[in-house]
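One letter stands for each residue in the lines below.
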Amino acid sequence: MSSQSTLSQASSITHTRKTTTTHIRSRKGAEPIVCLTAYTANMAEILDPHVDVLLVGDSVGTVLHGHDSTIPVTLDAMIFHAQSVRRGVRKALMVVDLPFGSYEASPQQAYANAARVLKETGADAVKLEGGATQRETIRFLVERGVPVMGHIGLRPQAVRETGGYRIVGKTEEECDALRADADAVTKAGAFALVLEGVVEPIARELTGRIDIPTIGIGGSPACDGQILVTEDLLGMFERTPKFVRRFANLRETIDTAISDYAKAVRGRTFPDHDETYGGGNGD
Ligand code: KIV
């Protein structure tokens, strides 16, 4: 069956129980929440049966488009990828990142762009980076029916401001800021909070402190759930941060497959008889 027909079959099945933000919230302190990123329908279709949350992350900019940060990612690019992911999702909660420059100016700007994301992609929620500084924006979105996942700690969209990808929570000052951020995001009404690049003691403390689930990425096992960039765990990159575990080495697998393909073409052993249309009645 072609992937095309598998996808259309998946979207015609309506009885699968769809994960909601309420389900995710209710998992606080209970069963760990499994989250991964996806940028395409095909990958979403493979991941969906295994995960609770699929994030269309703005990491698409570095992972698929070769940028050195997430800053260049546009809202239109996020919508394009999210529309693709939607066609592969059946049950996971689908969250889409609001990219840099699409929400920071005002709560109104954030609402207009979040509404576009929900309307044009069928996403269930948006994610945005920032804690206390985004309190009003998160509240504004949630009060108007836009579910929000927060993201504090290491904020990739802020690398120009923070000077790089730095692990946080090592000083009392940083811990105080993290506490204020976690409290602000929770009180503003977010349904879950990503803790990125945060040392274990404060990740554990924040997880016990707030009543919404924490989702760690380099945030230690203390969090209520975990997220990784899928291409990282599949071993598509030579260098990854310490918090990534490679569950496969697809880079090596792809390299071997492509080298075998090139040899077969050059040696005229591909395509062979069975892979060729003969023009007879059989095909
Ligand atoms: O963009 C992204 O992929 C993220 C991470 C939390 C995985 O924000």
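Fair warning: this is a prediction, and the values are worked out from it, not measured in the lab. In every chain, residue numbers begin from 1 and rise along the written sequence. Totals for whole chains, interfaces and linings use every residue, but because this is a predicted model, local features are given only for residues with pLDDT of at least 70 and side-chain atom pairs only at 80 or more, for both listing and counting. Side-chain numbers here rest on the full set of heavy atoms in the structure, without hydrogens or water.

## Some words on the overall build of the protein chain
To qualify as a helix, a DSSP run of H or I must reach at least 4 residues; to qualify as a strand, a run of E must reach at least 2; elements of each kind are numbered from the N terminus. Along its length, the protein chain carries twelve helices and eight strands. Atoms counted for the radius of gyration: C-alpha only. Globule rule: 2.2 Å times residue count to the power 0.38. Over its C-alpha trace the protein chain gives a radius of gyration of 21 Å, about what one expects of a compact globule, namely 19 Å for 283 residues. Taking the principal axes of the C-alpha coordinates as reference, the protein chain spans close to 75 × 40 × 35 Å. Relative accessibility under 20% of the residue-type maximum defines a buried residue, over 50% an exposed one, and the middle range a partly exposed one, all with a 1.4 Å probe and only protein chains included. Taken over 283 residues, the protein chain has a buried fraction of 48%.

## Thoughts on the packing of helix H7 (residues 135-143) against helix H9 (residues 172-188)
Lines fitted to C-alpha atoms define the axes here, with helix axes fitted over just the stretch in contact, and angles between the N-to-C directions of these axes take values from 0 to 180 degrees. The N-to-C vectors of H7 and H9 enclose an angle of 20 degrees; their axes lie 8 Å apart at closest approach. With respect to each other, H7 and H9 are oriented roughly parallel. For the pair H7 and H9, the sense of crossing is right-handed. Of the residues in H9, those touching H7 at Arg135, Ile138, Arg139 and Val142 are Ala184, Val185, Lys187 and Ala188. For the contact of H7 with H9, the per-class residue count stands at five nonpolar, no polar and three charged. The cut-offs work like this: below 35 degrees is roughly parallel, past 145 is roughly antiparallel, 65 to 115 is roughly perpendicular, and the gaps in between are oblique. We call a crossing left-handed when the near helix sits turned anticlockwise from the far one by less than a right angle, and right-handed when that turn is clockwise. Pairs of residues are marked as contacts when any of their non-hydrogen atoms sit within 4.5 Å. Polarity classes work like this: nonpolar for Ala, Val, Leu, Ile, Met, Phe, Trp, Tyr, Cys and Pro, charged for Asp, Glu, Lys and Arg, and polar for all others, with Gly in that last group.

## Brief notes about the packing of helix H6 (residues 107-121) against H7
Each pair of packed helices gets described by two things: the angle between the helix axes and the distance between those axes. At their nearest, the axes of H6 and H7 sit 9 Å apart, and the two run at 45 degrees to each other. The angle between the axes of H6 and H7 places the two elements in the oblique class. As H6 runs across H7, the sense of the crossing is right-handed. In this structure, H6 uses Pro107, Gln108, Ala110, Tyr111 and Ala114 to contact H7, whose residues at the interface are Glu136, Thr137, Phe140 and Leu141.

## Observations regarding the domain arrangement of the protein chain
When cut into domains, the protein chain gives domain 1 (17-248) and domain 2 (250-283). An automatic or database domain assignment supplies the residue ranges for each domain. Domain 1 and domain 2 are separated by 41 Å when their C-alpha centres are compared.

## Some points on the pairing of strand E8 (residues 225-228)
For strand E1 (residues 33-37) and E8, the ladder comprises four bridges, and the chain directions are parallel. Residue pairing in the sheet places isoleucine 33 in a bridge with glycine 225 of E8. A pair of strands counts as paired when DSSP detects no fewer than two bridges linking them. Direction of pairing for strand E7 (residues 214-217) relative to E8: parallel, over a ladder of two bridges. In the sheet register, isoleucine 215 faces E8, and the bridge partner there is glycine 225.

## A closer look at the site of the ligand
Neighbouring the ligand are Thr37, Leu55, Gly57, Asp58, Ser59, Asp97, Lys127, His151, Ile217 and Val229. Between the ligand and serine 59, the relevant distance is 2.5 Å, taken from an oxygen atom to a side-chain nitrogen or oxygen of the residue. One of the side-chain N or O atoms of lysine 127 is found 2.8 Å from an oxygen atom in the ligand. For the ligand, the protein covers 95% of the area, taking 260 Å² as the surface of the free molecule. For the shell around the ligand, the residue count by class is three nonpolar, four polar and three charged. A molecule or strand has a residue near it when one of that residue's heavy atoms lies within 4 Å. Whenever a nitrogen or oxygen atom comes within 3.5 Å of another N or O atom, the pair is scored as a polar contact, on the condition that within protein one atom can donate a hydrogen and the other can accept it, and that pairs from neighbouring residues in sequence are kept only if both atoms are in side chains. Using the Shrake-Rupley algorithm and a 1.4 Å probe, accessible areas are obtained, with residue cover drawn only from the displayed protein chains.

## A few points about the pattern of salt bridges
By salt bridge we mean one thing: a side-chain nitrogen of Lys or Arg within 4 Å of a carboxyl oxygen of Asp or Glu. Under the counting rule described, the total for this entry stands at 19 salt bridges. Across the pair arginine 179 and glutamate 172 runs a salt bridge whose closest N-O atoms are separated by 3.0 Å. Note that arginine 209 and aspartate 183 form a salt bridge whose closest N and O atoms lie 2.7 Å from each other. Note that arginine 209 is positioned in helix H10 (residues 200-209) and aspartate 183 in helix H9, a separation of 26 residues in sequence. Owing to a relative accessible area of 40%, arginine 209 belongs among the partly exposed residues under this scheme. Within this structure, Glu172, Asp176, Arg179, Asp183, Glu205 and Arg209 form a network of salt bridges that share partners.

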